[in-house]
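Architecture and fold: a report
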Amino acid sequence: MKTKITEMLGIEYPIIQGGMAWVGEYHLASAVSQAGGLGIIGAASAPPEVVREQIREAKKLTDKPFAVNVMLMNPNAPEVAKIVIEEGVKAVTTGAGNPAQFMEEWKKAGVKVIPVVASVAMAKMLERAGADAVVAEGMESGGHIGSTTTMSLVPQVVDAVNIPVIAAGGIADGRGVAAAFMLGAEAVQMGTRFVASKESIVHDNYKQKLIKATDIDSVITGNSTGHPIRTIRNKMTKEYLKLEEQGAGLEELEQLTLGSLRNAVIDGDVVNGSVMAGQISGMIHDVQSCEEIITSVMTQAEKLMKLA
Ligand code: TUI
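Bear in mind that the values here come from a model prediction, so they are computed numbers and not experimental data. (Residues numbered from 1 in each chain as written. Predicted model: local features only at pLDDT ≥ 70, side-chain atom pairs only at ≥ 80, totals over all residues. Heavy atoms only, no water.)

1. Points about the domain arrangement of the chain
How big an interface is tends to be stated in terms of accessible area lost as the parts join. We apply this condition: Each domain's limits were defined by an automated method or a database of domain assignments. Here, two residues are considered to be in contact whenever any of their heavy atoms come within 4.5 Å of each other. Buried area is understood as the total, over both parts, of accessible area removed when two parts are fitted together, assessed with a 1.4 Å probe. The salt bridge criterion pairs a side-chain nitrogen of Lys or Arg with a carboxyl oxygen of Asp or Glu, the two atoms within 4 Å. Here a polar contact is taken to be a pair of N or O atoms separated by no more than 3.5 Å, where protein atoms must pair a possible hydrogen donor with a possible acceptor and residues adjacent in sequence count only if both atoms sit in side chains. When residues are grouped by polarity, Ala, Val, Leu, Ile, Met, Phe, Trp, Tyr, Cys and Pro land in nonpolar, Asp, Glu, Lys and Arg in charged, and all others, Gly among them, in polar.
Splitting the chain by domain gives domain 1 (4–201 + 283–307) and domain 2 (214–276). With 12 residues of domain 1 at the interface, the matching set in domain 2 holds 10 residues. The contact between domain 1 and domain 2 buries some 970 Å² in all, and 70% of this surface belongs to carbon and sulfur atoms. Put simply, domain 1 and domain 2 have 0 salt bridges between them. Seen at the junction of domain 1 and domain 2, the total is 5 residue pairs in polar contact (both at pLDDT 80 or more). Taken together, the residues that form the side of domain 1 that touches domain 2 break down as 7 nonpolar, 4 polar and 1 charged.

2. A few points about the packing of aromatic side chains
Geometrically, a pair of aromatic rings is defined through the distance of the ring centres and the angle of the planes. Cut-off, in case you're wondering: Any Phe, Tyr or Trp ring, taking Trp's six-membered ring, that has another such ring centre within 6.5 Å forms a pair; planes under 30 degrees apart are called stacked, those over 60 apart edge-to-face, and the others tilted. Strands are runs of DSSP state E lasting at least two residues, helices are runs of H or I lasting at least four, and both sets are numbered from the N terminus onward. The criterion for a charge sitting over a ring is simple: Lys NZ or Arg CZ within 6 Å of the ring centre, and within 35 degrees of the ring normal.
All chains considered together, the criterion is met by 1 aromatic pair. Between phenylalanine 102 and tryptophan 106, the ring centres sit 5.5 Å apart and the planes meet at 45 degrees, which makes this aromatic pair tilted. Note that phenylalanine 102 and tryptophan 106 are positioned in helix α5 (residues 100–108) at a spacing of 4 residues, about one turn of the helix. Residue placement shows arginine 262 over the ring face of tryptophan 22; its charged tip is 5.9 Å from the ring centre.

3. Here's the deal with unusual backbone geometry
Despite not being glycine, alanine 44 has its phi angle at roughly 40 degrees, a positive value. Relative to the helices and strands, alanine 44 resides in the loop between β2 (39–42) and α3 (48–61). Positioned with a positive phi, alanine 96 is a non-glycine residue whose angle comes to about 60 degrees. Take alanine 96: it is sitting in the loop between β4 (91–95) and α5.

4. A few points about the sheet that holds strand β10 (residues 218–221)
Filter applied, for reference: At least two DSSP bridges between two strands are needed for those strands to be called paired. Where helices are involved, their axes are fitted lines through C-alpha atoms of the stretch in contact, as for all axes, and angles between N-to-C directions lie from 0 to 180°.
Taken together, 3 strands build an open sheet; the order of strands is β7-β11-β10 and the sheet is antiparallel. Two strands bound the open sheet, and with one partner strand each, they are β7 (143–144) and β10. Pairing geometry for β7 and strand β11 (residues 229–232), over 2 bridges, is antiparallel. Counterpart to glycine 143 in the pairing with β11 is arginine 230. The strands touched by helix α11 (residues 235–245) within the sheet are β10 and β11, with β10 carrying the most contacts at an inclination of about 40 degrees.

5. Remarks on the packing of helix α2 (residues 26–34) against α3
Here is the rule we go by: For any helix crossing, the convention is left-handed if the near helix is rotated counterclockwise from the far helix by under a right angle, and right-handed if that rotation is clockwise.
Relative to each other, α2 and α3 sit at 40 degrees, their axes nearing to 9 Å. Note on packing geometry: the crossing formed by α2 with α3 is right-handed. Where α2 abuts α3, its residues Tyr26, Ser30 and Gln34 lie against Gln54, Glu57, Ala58 and Leu61. The residue makeup of the contact of α2 with α3, split by class, is 3 nonpolar, 3 polar and 1 charged.

Set out below in structure tokens:
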């Protein structure tokens with residue numbers, strides 16, 4: 001299936017993987033790319049040299065395009081931005097901030113720049129700054145989110161910019177892909193569905209937590225800190241929300257979440273850890289390979305859109 005995004009990135013299917021912290025490492029990214037989507041290494045807060053190593057390992061496993069997600073709250077983001085260029089990565093996505101300061105160096109190096117945005121204003125600003133496309137990410141997504149839903153955000157971003165829009169948040173199957181296309185998107189980004197893939201290195205406890213989750217099992221913590229994060233409800237979120245209700249300060253709240261994503265993803269602590277996941281967790285029933293996921297999602301989407 002050809003769209004402006006598949007053409008721009010040289011990929012087979014209009015599916016890109018969310019650039020997830022800890023989860024988006026080279027095994028997952030290369031598997032998504034090998035299956036015809038765009039795999040993404042999530043640099044998150046990793047030391048810059050680890051990101052370089054991840055890129056090199058991904059290149060060993062796939063000769064198809066993959067991208068790096070630069071998390072802008074990371075103080076090392078400027079170094080990661082340079083490594084992306086040095087290693088010849090074809091595209092970057094960015095999250096949790098404004099990537100305008102890196103735009104010029106990336107554009108000069110021919111890197112396609114695809115910021116993740118949660119508002120129309122940010123999309124328009126980054127189009128003016130030279131973005132090649134944007135991911136419009138609704139609040140159904142896991143992790144750090146904005147406040148507008150995918151259904152409302154995507155068409156408003158589509159109307160506001162002339163660059164292609166990738167829809168994210170609440171998309172996990174072919175129905176979601178077809179719906180996103182109806183809203184004007186040229187591709188979709190999926191995160192949570194790929195967390196529960198065979199190639200994802202996430203601890204099995206985390207995958208089982210997603211499989212057991214229902215539609216109402218995610219909660220948003222951090223509304224009081226200005227950094228809302230969607231995770232699956234557990235002991236940690238109960239304590240966090242109670243502290244927020246009591247007016248706890250940033251320091252006390254941070255104590256509760258320090259290293260908590262790593263603890264969940266790597267050690268499988270789904271009780272006290274941070275199990276970031278989107279509202280579609282209730283749609284995840286089993287662990288499939290990235291190829292099975294992409295093939296089944298696209299087959300369903302094409303049927304619905306009467307392309308096949
Ligand atoms: O970035 C994400 N999702 C993430 S990043 C992340 S790592 C993390 N871990 C713990 C605490 C905080 C972060 C986990 N999930 N999605 C893309 C996204 N970007 N969603 C919302 C935004 C965003 C927010 C504000 C984009 C721009 C923005 O602009 C602020 C500004 O600088 O004007």
